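# Understanding the architecture of this molecule
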Amino acid sequence: MRRHRSTPRRMSLVAALTAAAATLAVVAAPPAHAAGPVGYTLVPGGAGYQTALEQKAGFWNLNRLAAASLNPDGAEGVAPAAGWDDSARPWTGDGKITRTTGKLVLRMQNAEGAPGNDILAPCTATVVQSQNQSVVVTAAHCLRLNWGLNGLNVNIAAANALFIPGFRGENLPRVAPGTDLSSGPEIGSDVAPYGVWAVTRYWLTEGWAGQANFLNNNDMIAMVVDSPTDARPIEEVVGGGQPIGFNVARKTPRTSFGYPSVNYKSYSGPNFSSTGVAVINGSPNRNNIPASKQRIYDGRSLFYSQGPSWINREWFSDTNSDLMTIQQSPGCSGGPWFKDFNPATGEGTLVGVTSHFAKDVNGGLDLIAELESRAPSPYTAGTNFGNQEQAAFNAAQAVTPGA
């Protein structure tokens, strides 16, 4: 899901409409690229591979992990007084899902080496069954995003990405404001029970490589990961990946997972104090959700949503993304959408990933709500895996890590 601005802001409807129209008008033309998936390298193979792998993983200490993973308002999670429902509830079961899905943390910088942005951000990702036993999938926007805006060009890409399968966020201490993130304790097995895995290479779908923003619905990326300390592939370490499927039947029930962490962009999220801390204070939130149904997310825990899915419509046409009623928040971007998920085994067929909020029950993008930094509806779009996603996955599973 798209990441929130630092503080929510309101604007008049006229101003918002004008800004939204301008946004659409100036989205940059897609750059030229080869047909098919486009690959990028974060850790070059060859003689210096192991050293580079250790450096990428070593960038992440507990302080940086906490800054990237946990909610920026600092409040600990609070359940809705009225109780959880199928739109979002904590996963309390066991099974393969607790080993294969995990936290993906990213260091995002201006693309093409331009100076400027240096942002730590969270997403969710999943280990899948693959030929090289080393493939993890997530949303493409987690690693590459390019919006052309009036007076502002947002063109960022991951300079470093770390995956933690089976993330145990309850054991991750917060960092105080002003803490030096460049030093801190190592990430231990209490937080990363299956180790830490650096993303070494990744492949964008053809559509996302051509237009890396939410006007494109091929929001999926296939990544190869490797451990700096364990010679085994990730599937062997976590006990096998999730099955992955392409071009499966749509408009059927789905189960999605993620680590929600950004309360500003939660449809049933809390209100905020004058200092920006999330609070449930008895008043309806900005979406007029009563206090009894509000919740606070902290980025520590794995949540799931389940129910029917239907086809997302944008600009009055069907797209290759699907919709669900999901009341999670940013941080769950890239989280898996399963068909035929079995809660007893924690396994299902991975057929999509969480992409972006939807305008309403019919889908579409709510650019006004995005400009106002609020969640536009309780509906979320997820990329449905088709031919482009299969091509990206095939490219990733064909390589040998480190080669």
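First things first, this report covers the structure right here in the doc. Being a predicted model, the structure only gives us computed values, none of them experimental.

## Observations concerning the overall build of the chain
Helix and strand counts for the chain come out as 8 helices and 18 strands. Residue burial in the chain is summarised as follows: out of 403 residues, 56% are buried. Long-range pairs, those at least 24 residues apart, make up 78% of the contacts in the chain with a sequence separation of at least 6. Carbon and sulfur atoms make up 52% of the accessible area of the chain, which totals about 15500 Å².

## Considering the nonpolar core
Considering soluble globular proteins, one finds that nonpolar side chains tend to be buried as a cluster. Formed by 77 residues in total, the largest nonpolar core has its most connected members in Leu65, Leu104, Leu106, Leu143, Ile187 and Met223. For this core, the leading source of residues is strand E7 (residues 152–165), giving 6 residues. When residues no more than four places from it in sequence are discounted, the contact partners of Met223 are Leu104, Ala125, Ser134, Val135, Val136, Val137, Thr138, Leu143, Val199, Arg201 and Tyr202. Counting 5 residues, the second-largest nonpolar core is a separate cluster that includes Val43, Tyr49, Ala52 and Ala198.

## What to know about the state of the cysteines
By the definition in use, this model includes 1 disulfide. In this model Cys123 forms its disulfide with Cys142; the gap between the sulfur atoms is 2.1 Å. Handedness of the Cys123-Cys142 disulfide follows from its S-S torsion of about -95 degrees: it is left-handed. Taken together, the positions of Cys123 in strand E4 (residues 118–127) and Cys142 in the loop between strand E5 (135–138) and strand E6 (144–149) put the pair 19 residues apart, joining distant regions of the chain. Across the pair, exposure class does not vary: Cys123 and Cys142 are buried alike. No disulfide involves Cys332; its sulfur sits 8.9 Å from the nearest other cysteine sulfur, which is in Cys123. Residue classification places Cys332 among the buried residues on the basis of a relative accessible area of 1%.

## Let's talk about the pattern of salt bridges
Tallying each qualifying case throughout the model produces 10 salt bridges. With a shortest N-O distance of 2.5 Å, Arg168 and Glu170 are connected by a salt bridge. Close ionic contact of Arg313 with Asp318 constitutes a salt bridge, the shortest N to O distance being 2.8 Å. One salt-bridge network, held together by shared partners, links Glu76, Arg174 and Arg300.

## Focus: unusual backbone geometry
A positive phi angle, near 65 degrees, is found at Asn288, a position not held by glycine. Take Asn288: it is sitting in the loop between strand E12 (278–279) and strand E13 (303–307). With phi around 55 degrees, Asp340 is a residue other than glycine that occupies positive phi space. Residue position: Asp340 is located in strand E16 (residues 336–342). Take Asp340: its relative accessible area is 58%, and that puts it in the exposed class.

## Quick look at the pairing of E4
The buried fraction of E4 is high, at 7 of 10 residues. Here 9 bridges tie strand E3 (residues 101–110) to E4, and the two strands are oriented antiparallel to one another. The residue of E4 that forms the bridge with Lys103 is Thr124. In the sheet, E4 pairs with E5 via 2 bridges, with the strands oriented antiparallel. Opposite Val127, over in E5, you have Val136 as the bridge partner.

## Some remarks on the sheet that holds E16
The pairing of strands in a sheet comes from backbone hydrogen bonds and takes either a parallel or an antiparallel form. Across the sheet, 8 strands lie side by side as E2-E13-E10-E16-E17-E18-E15-E14; this open sheet has antiparallel pairing. Each of the sheet's edge strands pairs with one partner strand only, and the pair in question is strand E2 (89–90) and strand E14 (310–314). Examined bridge by bridge, strand E15 (residues 317–325) and strand E18 (residues 379–384) share 5 bridges and lie antiparallel to one another. Of the residues in E18, the one forming a bridge with Asp322 is Gly382.

Conventions used here
Residues numbered from 1 in each chain as written. Predicted model: local features only at pLDDT ≥ 70, side-chain atom pairs only at ≥ 80, totals over all residues. Heavy atoms only, no water. Helix = DSSP H or I, 4+ residues; strand = E, 2+ residues; numbered from the N terminus. Buried < 20%, exposed > 50% of the residue type's maximum accessible area, 1.4 Å probe, protein only. Contact = heavy atoms within 4.5 Å. Areas by Shrake-Rupley, 256 points an atom, 1.4 Å probe, with all protein chains shown as cover. Core = buried A, V, L, I, M, F, W, Y, C linked by side-chain atoms within 4.5 Å. Disulfide = S-S within 2.5 Å. Salt bridge = Lys/Arg side-chain N within 4 Å of Asp/Glu carboxyl O. Pairing = 2+ DSSP bridges.

The quantities given are spatial measurements derived from coordinates; they are silent on function.
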